[in-house]
Amino acid sequence: MEQGEGKQGPSEEAILAALRTVEDPDLRQDVVSLGMIRDLQVSGGKVAFRFVLTTPACPMRSEFQRRVEEAVRAVPGVESVEVKMDADVRAHSPLSGPRPVEGVRNIIAVASNKGGVGKSTVAVNLAIALAKHGARVGLLDADLTGPNIPTMVGLEQGYQADTGLVPVTCYGVKVVSIGFLLRPGLPVIWRGPLIGSGIRQLLHELPWAADGDLDYLIIDLPPGTSDAPLSMAQEAPIAGVVIVTTPQSVSLEDAAKAVTMFEKLDVPVFGIIENMSYFLCPHCGERTEVFGHGGGREAAQKLGLDFLGEIPLDVQVRASGDEGVPIVEREPDSPVAQVFMLIAERIAARTSVQGFFEETGAG
Ligand SMILES: Nc1ncnc2c1ncn2[C@@H]1O[C@H](COP(=O)(O)OP(=O)(O)OP(=O)(O)O)[C@@H](O)[C@H]1O
Ligand SMILES: [Mg+2]
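All figures in this text were calculated on a predicted structure; none of them were measured in a lab.

(A) How the structure looks around the overall build of the protein chain. Scanning the protein chain from N- to C-terminus turns up eleven helices and 14 strands. Across the 363 residues that make up the protein chain, the buried fraction comes to 44%. Long-range pairs, those at least 24 residues apart, make up 75% of the contacts in the protein chain with a sequence separation of at least 6.

(B) Just the pairing of strand β4 (residues 46-53), in detail. Along β4, the buried face is formed by Val 47, Phe 49, Phe 51 and Leu 53; none of Lys 46, Ala 48, Arg 50 and Val 52, which line the opposite face, is buried. Connecting the antiparallel pair strand β3 (residues 37-43) and β4 is a turn made up of two residues, with Gly 44 showing a positive phi of about 60 degrees. Pairing of β4 with strand β5 (residues 80-87) involves eight bridges; the strand directions are parallel. Following the sheet pairing, Leu 53 is matched in β5 by Ala 87.

(C) Quick peek at the site of ligand 1. As a matter of local geometry, ligand 1 sits amid 20 residues, with Gly 115, Gly 118, Lys 119, Ser 120 and Thr 121 nearest to it. In terms of residue class, the shell around ligand 1 is made up of seven nonpolar, nine polar and four charged.

(D) Broad picture of the nonpolar core. Residues Leu 126, Ala 127, Leu 130 and Ile 218 are the most contacted members of the largest nonpolar core, which totals 98 residues. For this core, the element with the highest residue contribution is helix α3 (residues 119-132), accounting for nine residues. Mapped onto the domain boundaries, this core takes at least three residues apiece from domain 1 (12-87) and domain 2 (104-360). Leaving out residues up to four positions away in the same chain, Leu 130 has contacts with Ala 57, Ala 135, Val 137, Tyr 216, Ala 344 and Ala 348.

(E) Highlighting the domain arrangement of the protein chain. Per the domain assignment, the segments making up the protein chain are domain 1 (12-87) and domain 2 (104-360). Using only C-alpha atoms to locate each centre, domain 1 and domain 2 end up separated by 34 Å. Counting residues at the interface gives nine residues for domain 1 and twelve residues for domain 2. When grouped by side-chain class, the residues that make up the side of domain 1 that touches domain 2 number six nonpolar, two polar and one charged.

(F) Structural detail: the environment of Leu 19. By secondary structure assignment, the location of Leu 19 is in helix α1 (residues 12-19). Taking the C-beta count within 10 Å as the criterion, Leu 19 has 23 such neighbours and is therefore assigned buried. As a C-alpha pair, Leu 19 and Gly 138 span 119 residues in sequence and 35 Å in three-dimensional space. Apart from the residues lying within four places of it in its own chain, the contact partners of Leu 19 are Val 31, Val 32, Ile 37, Val 68, Ala 71 and Val 72.

(G) The arrangement of the sheet that holds β3 in detail. The strand order β3-β4-β5 describes an open sheet built from three strands, whose pairing is mixed. Of all strands in the sheet, those bounded by a partner on one side alone are β3 and β5. Strand-to-strand twist across the sheet, computed as the mean angle between neighbouring axes with direction ignored, equals 10 degrees. Taken strand by strand, α1 contacts β3 and β4, and its axis lies near 135 degrees from that of β3. Strands in contact with helix α2 (residues 61-73) are β4 and β5; relative to β5, the strand with the most contacts, it is inclined by about 150 degrees.

Analysis parameters
Residues numbered from 1 in each chain as written. Chains lettered and ligands numbered in written order. Predicted model: local features only at pLDDT ≥ 70, side-chain atom pairs only at ≥ 80, totals over all residues. Helix = DSSP H or I, 4+ residues; strand = E, 2+ residues; numbered from the N terminus. Buried ≥ 20, exposed ≤ 12 C-beta atoms within 10 Å, placed from the backbone. Contact = placed C-beta atoms within 7 Å. Pairing = 2+ DSSP bridges. Near = placed C-beta within 6 Å. Nonpolar A, V, L, I, M, F, W, Y, C, P; charged D, E, K, R; others polar. Core = buried A, V, L, I, M, F, W, Y, C linked by C-beta atoms within 7 Å. Domains from an automatic or database assignment. Axes fitted to C-alpha atoms, helices over the stretch in contact; angles between N-to-C directions.

Right, here's the structure in full:
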């Protein structure tokens, strides 16, 4: 009788050897070496373990589950396999650079070179999508002069004017906007240096992690190459930035400008999202490319960046934003909400990969 067979069941070593044949295609290492297998229990022919992903929004979740189950089942003597899928988001902690934000594991910024392309819409829906995937998420409105986030999450401008600014939980996301502090109708004028100290305070002086670490803090930036992205990059380590474009505004030149700026600031660019990419008829589902389409993908290709996805022009996206219940919350099963969920997975995966290779120095 061969070792590992019979009543005693397989050995732990045999199970681990089988699991070592499963690789993470992004991190290019096997799942045992990556520490993804925890609490392995082998008793007789029964095998149980936790499979710990680097993000709850992992696009490979079910694929991983299928592959590890299959690998273990093939070991002689195995009668049953019980895999508990779990996730533990690792902190992005580069060796040098700005001071991390306490209790915040990864900061992801949403930027664009032009105004009105849908950064805030993307930021708020992305944050809610990540939370729906099971992550702990914050959202910081870094637009200090024209904050839109209060409207988008359905909170009144200035409602924290008397109590002071603290993160407020909306749709499972901890939200901060200077708009909560400012009563409506009062214009704010910030001088350059004040933007810097404003951003610093928003990042470092608020109790972001009062109820436990945040896996992701999404930062909604104002458009262009203003003081805000600069200050942000100086004040905190940014895991990566996503650049939003629209088909009518996108030009290679525009996207390149934003990319160059972030490269200069040493902030990795995760890729490009094309917003208002096509029109999906709410009645018949037909797809119309109103402004032409594909510019975002082309720009990404030419710049050697990932194309993270295309979001349709959808009247429900605008309406839900205006009404304070973002589409991912209001219609989670709608096609456009599903697009946001998918983009959130891609960004979460990119964040894991970025952190991993920064730590190991490989890649
Ligand atoms: N996919 C979409 N479909 C329909 N309307 C959209 C879509 N994305 C954004 N909008 C609408 O376009 C307008 C601008 O969007 P948003 O405020 O998110 O842009 P922004 O880039 O943050 O703008 P700013 O540069 O002023 O900060 C809003 O009215 C929003 O509801
Ligand atoms: Mg905005």
